[in-house]
Amino acid sequence: MKFFLDTANIEQIRQAQEMGILDGVTTNPSLMAKEGIKGKSEIMERYRTICSIVDGPVSAEVFATDYDGMIREGEELAAIDPKITVKLPCTKDGIKAVKYFSGKNIKTNCTLVFSIGQALLAAKAGATFVSPFVGRLDDICEDGVGLVAHIVNIYNYYGFQTQVLAASIRNTNHIIRCMDAGADVATCPLPAIEGLLKHPLTESGLETFVRDAEKMK
Ligand code: G3P
């Protein structure tokens, strides 16, 4: 299972990269805005910086919602770096754009996926990644991880190559449940990844080892 960081924050990306567990990054307009990034040149610059740190796919989302706009923006984004994955919404125009980019061998991430039907169309259009939003489904009392499992099953059954990228991950438990469901990738906030490390027996065990090591100095 691959770990992507779901952020445009350079410090957090560096930290995850230094841990040696980072396989890629995803961003979206909300995450870019949260970093105070403004205007096209700052956006492009931020993607260049992220690509220089990360050794893996970097999802860059188009702002346009119409087909022509998505193609124009997607081509500009893809030209930044071969690591760029063009992130497109799961709408009719978005699916057409996924098909267009997959025909040009440009990686795509079909985002805002909330149903098995949307995931099926994304795969048929040749998306590299499909992004079911786990947390947002949980928010409305639906089963986010259940959707991930359903997509994994259907893709395996029909042999689709599209990778299931569990998104809108809010906590460590989401990561573990998505792993059990067979997701190819989880894109996560850094604290959710760090939560995987936490265990009280590791902490108390280490305290004992440190104390005993002191005795031998
Ligand atoms: O990966 C998509 C993500 O950024 C959305 O997360 O927490 O806003 O639902 P959230």
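In this text the structure is predicted, and so the values were computed from the model without any measurement.

(A) Inspection of the layout of surface pockets at higher detail. Here the largest pocket is characterised by a volume of approximately 370 Å³. Along the wall of the largest pocket there are 22 residues; nearest its centre are Asp 6, Asn 28, Leu 31, Lys 34 and Pro 189. When residues of the lining of the largest pocket are assigned to their parent elements, the largest contribution, three residues, is made by helix H2 (residues 29-34). Residues that form the lining of the largest pocket fall into these classes: six nonpolar, ten polar and six charged.

(B) View of the pairing of strand E6 (residues 129-132). By the alternation rule, side chains of E6 split into Phe 129 and Ser 131 and Val 130 and Pro 132, which are all buried. In this structure, strand E5 (residues 108-113) lies alongside E6, joined through three bridges in parallel fashion. Bridge pairing in E6 links Val 113 to Pro 132. Where the polypeptide runs from E5 across helix H6 (residues 116-124) and back to E6, its parallel neighbour, the crossover connection is right-handed.

(C) Spatial organisation of the side chain of Arg 46. With respect to the secondary-structure elements, Arg 46 resides in helix H3 (residues 39-53). Residues within four places of Arg 46 in sequence aside, it is in contact with Ala 8, Asn 9, Ile 10, Met 32, Glu 35 and Ile 37.

(D) Just the site of the ligand, in detail. Neighbouring the ligand are the residues Asp 6, Asn 28, Leu 31, Phe 133, Arg 136, Ala 167, Ser 168, Arg 170 and Thr 187. At a separation of 2.7 Å, an oxygen atom of the ligand approaches a polar side-chain atom of Ser 168. Surface burial for the ligand is 81%, taken as the share of its 310 Å² of free accessible area covered by protein chains. For the shell around the ligand, a count of residues per class yields three nonpolar, three polar and three charged.

(E) Representation of the sheet that holds strand E2 (residues 24-26) in the model. Here we have eight strands rolled up into a closed barrel, ordered E1-E2-E3-E4-E5-E6-E7-E8, and parallel in their pairing. Taking each pair of neighbouring strands and ignoring which way they run, the sheet shows an average axis angle of 30°. In this structure, strand E1 (residues 2-6) lies alongside E2, joined through three bridges in parallel fashion. Residue pairing for E2: Leu 5 is matched across the bridge by Val 25. Along the sheet face, helix H4 (residues 67-78) touches strand E3 (58-61) and strand E4 (84-89) and points at about 160° away from the line of E4.

Conventions adopted
- Residues numbered from 1 in each chain as written.
- Predicted model: local features only at pLDDT ≥ 70, side-chain atom pairs only at ≥ 80, totals over all residues.
- Heavy atoms only, no water.
- 1 Å grid on protein atoms, 1.4 Å probe; cavity = no way out; pocket = protein on both sides within 12 Å on 5 of 7 lines; lining within 4 Å.
- Points joined across faces, edges and corners; volume = space filled by probe spheres on them.
- Helix = DSSP H or I, 4+ residues; strand = E, 2+ residues; numbered from the N terminus.
- Nonpolar A, V, L, I, M, F, W, Y, C, P; charged D, E, K, R; others polar.
- Buried < 20%, exposed > 50% of the residue type's maximum accessible area, 1.4 Å probe, protein only.
- Pairing = 2+ DSSP bridges.
- Right-handed = clockwise from strand over helix to strand, strands pointing away.
- Contact = heavy atoms within 4.5 Å.
- Near = heavy atom within 4 Å.
- Polar contact = N/O pair within 3.5 Å; in protein donor to acceptor, adjacent residues only side chain to side chain.
- Areas by Shrake-Rupley, 256 points an atom, 1.4 Å probe, with all protein chains shown as cover.
- Axes fitted to C-alpha atoms, helices over the stretch in contact; angles between N-to-C directions.

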